[in-house]
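Reading the structure
Here's the letter readout for the chains.
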Amino acid sequence: DTAVSQTPKYLVTQMGNDKSIKCEQNLGHDTMYWYKQDSKKFLKIMFSYNNKELIINETVPNRFSPKSPDKAHLNLHINSLELGDSAVYFCASSQVEKGLYEQYFGPGTRLTVT
Amino acid sequence: AQTVTQSQPEMSVQEAETVTLSCTYDTSESNYYLFWYKQPPSRQMILVIRQEAYKQQNATENRFSVNFQKAAKSFSLKISDSQLGDTAMYFCAFMKLISGGYNKLIFGAGTRLAVHP
């Protein structure tokens with residue numbers, strides 16, 4: 001069983017479109033995250049949710065809207081896609097309340113905006 | 001603000017040899033974790049090893065060990081008996097410990113390691 005899964009793994013779309021990436025974790029963790037990895041492989045936090053509540057929002061454009069319907073899911077919706085949004089997006093999770101701070105990552109979604 | 005620096009963009013090593021990847025960080029915090037993650041060509045981010053700042057003993061996971069020098073703010077990764085499967089990008093990451101989901105990872109720029117037969 002995959003611990004942290006993301007769909008889709010690849011996403012190719014045109015500028016101006018709206019797209020969503022889904023993430024699910026079956027680890028029973030209480031905190032989920034979105035990270036962005038740019039073309040130079042640099043990884044940066046975008047959002048974190050703890051028990052469905054938005055905790056971290058790292059000055060990400062308003063076009064990015066995360067949603068956590070329950071503790072096991074964290075989706076990322078992107079409006080009006082731009083060329084600069086092309087990147088790999090990683091979902092991750094951890095069990096913060098039990099002091100288990102390791103973050104486990106999904107396989108990533110490579111988004112290409114043309 | 002915390003920063004993480006990996007000064008070696010690329011490294012190579014022969015199979016079965018030992019290699020050390022460097023990482024330094026800057027923080028005024030006293031309570032934090034440090035991690036090494038591996039990203040092979042498959043793109044998956046894999047946790048290699050973690051170190052709690054309050055622990056003096058260096059963490060070890062099989063062939064992977066760290067040299068944690070808290071005063072020097074240094075956290076290097078040693079890979080012993082390198083294997084072809086160790087070929088990957090390695091990221092050093094810092095995490096300040098805060099309750100309630102504020103625990104973001106701050107990553108270095110990565111070191112690309114190539115293991116040659």
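Here the structure is shown first, and the text comes after it.
The structure contained in this document is the topic of the report that follows. (Residues numbered from 1 in each chain as written. Chains lettered and ligands numbered in written order. Predicted model: local features only at pLDDT ≥ 70, side-chain atom pairs only at ≥ 80, totals over all residues. Heavy atoms only, no water.)

1. Let's talk about the overall build of chain B
For clarity, the cut-off: Strands here mean DSSP runs of E at least two residues long; helices mean DSSP runs of H or I at least four residues long; both are numbered from the N terminus. Values of the radius of gyration come from C-alpha atoms, whereas the globule rule sets the reference at 2.2 Å times the count of residues to the power 0.38. Working definition: with a 1.4 Å probe on protein chains only, accessible area under 20% of the residue-type maximum means buried, over 50% means exposed, and in between means partly exposed.
A count of helices and strands for chain B gives zero helices and twelve strands. Taken from N to C terminus, the helices and strands of chain B fall in the order β-β-β-β-β-β-β-β-β-β-β-β. By the compact-globule yardstick of 13 Å for 117 residues, chain B fits well, its C-alpha radius of gyration being 14 Å. In terms of principal-axis extent, the alpha carbons of chain B reach across some 45 × 30 × 25 Å. When burial is assessed residue by residue, chain B has 50% of its 117 residues classed as buried.

2. Remarks on the interface of chain A and chain B
We count it as follows: The contact rule is simple, with two residues in contact once any of their heavy atoms fall within 4.5 Å. As used here, buried area is the combined drop in accessible area, with a 1.4 Å probe, of two parts when they are placed together. Salt bridge, as applied in this entry: a Lys or Arg side-chain nitrogen positioned within 4 Å of an Asp or Glu carboxyl oxygen. We define a polar contact as two N or O atoms separated by no more than 3.5 Å, with the added condition that, inside protein, one atom must be a possible hydrogen donor and the other a possible acceptor, whereas residues neighbouring each other in sequence contribute only through side-chain atom pairs. Lys, Arg, Asp and Glu make up the charged group, whereas Ala, Val, Leu, Ile, Met, Phe, Trp, Tyr, Cys and Pro make up the nonpolar group; the residues left over, Gly among them, are polar.
The partner chain B presents 23 residues to the 29 residues of chain A that form the contact. Summed over both sides, the interface between chain A and chain B buries roughly 2100 Å², with carbon and sulfur atoms accounting for 58% of that surface. One can count two salt bridges joining chain A with chain B. Our count for the chain A to chain B interface comes out at eleven residue pairs in polar contact (both at pLDDT 80 or more). For the side of chain A that touches chain B, the secondary structure elements donating two or more residues are β4 (31-37), β5 (43-50), β6 (53-57), β9 (87-95), β10 (100-105) and β11 (109-113) of chain A. Take the side of chain A that touches chain B: its biggest share by element is five residues, from β10(A). By residue class, the composition of the side of chain A that touches chain B is 15 nonpolar, nine polar and five charged.

3. Describing the packing of aromatic side chains
Note the threshold: Aromatic rings from Phe, Tyr and Trp, taking only the six-membered ring of Trp, are treated as a pair when their centres fall within 6.5 Å; an angle between ring planes under 30 degrees marks them as stacked, one over 60 as edge-to-face, and anything in between as tilted. Only lysine NZ and arginine CZ atoms are considered, and such an atom sits over a ring when it is within 6 Å of the ring centre and within 35 degrees of the ring normal.
For the coordinates displayed, the defined rule picks out 17 aromatic pairs over all chains. Where A:F64 meets A:Y89, the ring centres are 6.3 Å apart and the plane angle is 35°; that geometry is what we call tilted. With A:F64 in strand β7 (residues 64-70) and A:Y89 in strand β9, this residue pair connects regions lying 25 residues apart in the sequence. Just as A:F64 is buried, A:Y89 falls in that class too. Ring geometry for A:F105 against B:F107: centres 6.3 Å apart, planes inclined by 70°, an arrangement best described as edge-to-face. A residue pair is termed interchain when its members come from two chains, as with A:F105 in strand β10 and B:F107 in strand β11 (residues 106-107). An identical accessibility class is assigned to A:F105 and B:F107; each is buried. The ring of A:Y10 carries the charged tip of B:R43 above its face, separated from the ring centre by 5.0 Å.

4. What to know about the state of the cysteines
Residue and element names in this part refer to chain A. Just so we agree on the cut-off: Put simply, a disulfide is two cysteine sulfurs that come within 2.5 Å.
Evaluated as defined, the whole model comprises two disulfides over all chains. Covalently, C23 is tied to C91 through a disulfide, its sulfur atoms 1.9 Å apart. Between C23 and C91 the disulfide shows an S-S torsion of about -75°. By sign, it is left-handed. Taken as a pair, C23 in strand β3 (residues 19-25) and C91 in strand β9 lie far apart in primary sequence, 68 residues in all.

5. What about the sheet that holds β7(A)?
All names here are of chain A. Put simply, the test is: Between any two strands, at least two bridges found by DSSP are needed for them to pair. To get an axis, a line is fitted to the C-alpha atoms, and for a helix only the part in contact is used. The angle between two axes follows their N-to-C directions and goes from 0 to 180 degrees.
Across the sheet, which stays open at both edges, the four strands sit in the order β1-β3-β8-β7 with antiparallel pairing between neighbours. The open sheet is flanked by β1 (4-7) and β7, the only strands paired with a single partner. On average, adjacent strands in this sheet sit at an angle of 20° to one another, irrespective of strand direction. The pairing of β3 with strand β8 (residues 73-78) spans four bridges and is antiparallel. When the bridges of β8 are listed, I21 appears paired with L76.

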